[in-house]
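Spelled out from the first residue to the last, the chains are:
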Amino acid sequence: MSDIGLYLHFPFCVRKCAYCDFLSFPATEEVKRIYAAALIREIRGYARAAKGHTVSTVFLGGGTPSIMPARQMKAIFQALYDSFEILPGAEITMEMNPGTVNESNLTFVFDHVNRVSLGAQSGNDAELLALGRIHTRRDVERSVQLLKDSGVKNLNLDLMLGIPGQTAEEWRSTLRWAIDLKPEHISAYSLQVEDGTEFRRLQKAGKLHLPDEDTEREMAALTVEMLEGSGYRQYEFSNYAKEGFLCRHNVRYWKRGDYLGLGLGASSLFEGSRWHNTRNLEHYFEHSSDPGQIVREMEQLDRRTEIEEAMFLGLRMSEGIEDAEFEARYGLSVFSLYGEIIERQIAEGVLLREGNRIFLSPRGIEVSNVVLADYLLD
Ligand code: SF4
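Conventions and cut-offs
Residues numbered from 1 in each chain as written. Predicted model: local features only at pLDDT ≥ 70, side-chain atom pairs only at ≥ 80, totals over all residues. Heavy atoms only, no water. Helix = DSSP H or I, 4+ residues; strand = E, 2+ residues; numbered from the N terminus. Buried < 20%, exposed > 50% of the residue type's maximum accessible area, 1.4 Å probe, protein only. Polar contact = N/O pair within 3.5 Å; in protein donor to acceptor, adjacent residues only side chain to side chain. Contact = heavy atoms within 4.5 Å. Domains from an automatic or database assignment. Salt bridge = Lys/Arg side-chain N within 4 Å of Asp/Glu carboxyl O. Axes fitted to C-alpha atoms, helices over the stretch in contact; angles between N-to-C directions. Parallel < 35°, antiparallel > 145°, perpendicular 65-115°, else oblique. Left-handed = near helix turned anticlockwise from the far one by under 90°. Nonpolar A, V, L, I, M, F, W, Y, C, P; charged D, E, K, R; others polar.

Take the side chain of serine 83 next. With respect to the helices, strands and loops of the structure, serine 83 is situated in helix α3 (residues 70-83). A relative accessible area of 8% places serine 83 in the buried class. Here the side chain of serine 83 touches alanine 79 through a polar contact of 2.8 Å, landing on its backbone oxygen. Non-local contacts of serine 83, meaning those with residues more than four positions away in its chain, are made with Ile43, Arg44, Ala47 and Ala50.

Printed below as a string of structure tokens:
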């Protein structure tokens, strides 16, 4: 029996945020209903392939899963339980937008979900407006209270730093506010301006005023200092958790564990292959029951790609890479493969070694792009 994770994509949002390049768009109730039916067909289409696998993490992401009607979500879960062996105690995460938390989806959460990831982003209403979010600071506070009252005991808040016009002091206030809301987990991502977004358009027109590099560095330092000082341990570049509350599904991604992505555009890594589903909604609706028809860019990963990915992803985590684990998986010691690079990086102070484990130093995290590029194999 091998253990896998499931990712389910819900591509619908009330409206598009100014920085967002995820596969997401507004949809009518009718389109959501058709999507739920297509997703159920895809899930049931995997029933045979799922034999011999257990599932210990499920992640409902988007888009905004919390704008799906609870009745349809319940039917989707029925299909999941019919088709996959979901272990008791499996981590089941649902992303929720604070502008969409309501009686109906709270009931669904209570019955099926044990971890909620709330897209808070900022505790400052002007920043939320600049980001194009549909909610206010007060909506986040109200959602946290409702979720806690409904029995959610594992809550993540997503925060964003580097928002246009944001100062280090404003970021400090957002962190203080988030800590006071007492979530078990906080993700703090730097804003990236992506092609095809409203922010890219504003940037090209010279109308996007991002914090400068010094301010960004100050914000990054404040994040570590304030979160670690409040009992959250940084276990990945952007992720902090109270003891026992790491996101098991995301740890699976960083350790290159197997997962199946279900739904429009969802990516999978399964038995040495990587692929993603079609991004064409009509095509997905028509062919979702037959993976052969919706799978795109299927790639059988060679050893070299697997090793590079293992280095890039493993060094994102504060526990880093343990040699025996690496060798058992990839057939080579990390020290025999990268000995010179490891020695040089330790001397430069960007990499640390404890026994047979290597991990990035705080300085290494700051310049991770350069540090990780050394692990590309020629
Ligand atoms: S809510 Fe999330 S997925 Fe939807 S548009 Fe905003 S950032 Fe994108």
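This next bit is on the domain arrangement of the chain. For the chain, the domain assignment lists domain 1 (2-254) and domain 2 (303-373). Taking the mean C-alpha position of each, domain 1 and domain 2 sit 29 Å from one another. Contacts between the two partners involve 10 residues from domain 1, matched on the other side by 10 residues from domain 2. Where domain 1 meets domain 2, there are 1 salt bridge. Where glutamate 236 meets arginine 316, a salt bridge forms, and the shortest distance between an N and an O atom there is 2.5 Å. Our count for the domain 1 to domain 2 interface comes out at 5 residue pairs in polar contact (both at pLDDT 80 or more). Among the secondary structure elements, those contributing two or more residues to the side of domain 1 that touches domain 2 are β7 (233-236) and α10 (248-254).

In contact at an axis separation of 9 Å, α3 and helix α4 (residues 103-112) are set at 20° when each is read in the N-to-C sense. If you check the angle between α3 and α4, you find them roughly parallel. In this structure, the crossing between α3 and α4 has a hand that is right-handed. Facing α3, whose interface residues are Ala70, Met73, Lys74 and Phe77, α4 presents Ser104, Phe108, Asp111 and His112. Residues of the contact of α3 with α4, tallied by class, amount to 4 nonpolar, 2 polar and 2 charged.

With that out of the way, let us pick up the environment of leucine 8. Within the element layout of this structure, leucine 8 appears in strand β1 (residues 2-10). A C-alpha to C-alpha distance of 9.6 Å links leucine 8 and serine 267, two positions 259 residues apart in sequence. Those residues within four positions of leucine 8 in sequence are excluded, and the remaining contacts are Leu39, Ile43, Val58, Phe59, Leu60, Gly61, Ile76, Leu80 and Leu262.

What follows covers the environment of lysine 182. Its place among the elements puts lysine 182 in the loop between α7 (168-180) and β6 (185-190). On the basis of relative accessible area, lysine 182 is assigned to the exposed category, the value being 56%. In this structure the C-alpha to C-alpha distance between lysine 182 and asparagine 156, which are 26 residues apart in sequence, comes to 9.5 Å.

What follows is about the pattern of salt bridges. Following the criterion strictly, the structure yields 21 salt bridges and no others. Note that arginine 44 and aspartate 82 form a salt bridge whose closest N and O atoms lie 3.1 Å from each other. Residue arginine 44 is located in helix α1 (residues 29-45), and its partner aspartate 82 is located in helix α3; the two are separated by 38 residues in the primary sequence. In this structure, the salt-bridge partner of aspartate 374 is arginine 344, at a minimum N-O distance of 3.0 Å. Placement of the pair is aspartate 374 in the segment after α17 (368-373) and arginine 344 in helix α15 (residues 334-348), with a sequence separation of 30 residues. For aspartate 374, a relative accessible area of 25% translates into the label partly exposed. Each of the salt bridges in this network shares a partner with another, and the network as a whole consists of Arg137, Arg138 and Glu141.

Checked against the element boundaries, tyrosine 338 lands in helix α15. For tyrosine 338, a relative accessible area of 3% puts it in the buried group. Tyrosine 338 sits 37 residues away from tyrosine 375 along the chain, and the two C-alpha atoms are 7.5 Å apart. When near neighbours in sequence (up to four residues on either side) are disregarded, tyrosine 338 contacts Ile307, Met311, Tyr375 and Leu377. A polar side-chain atom of tyrosine 338 sits 2.9 Å from the main-chain carbonyl oxygen of tyrosine 375.

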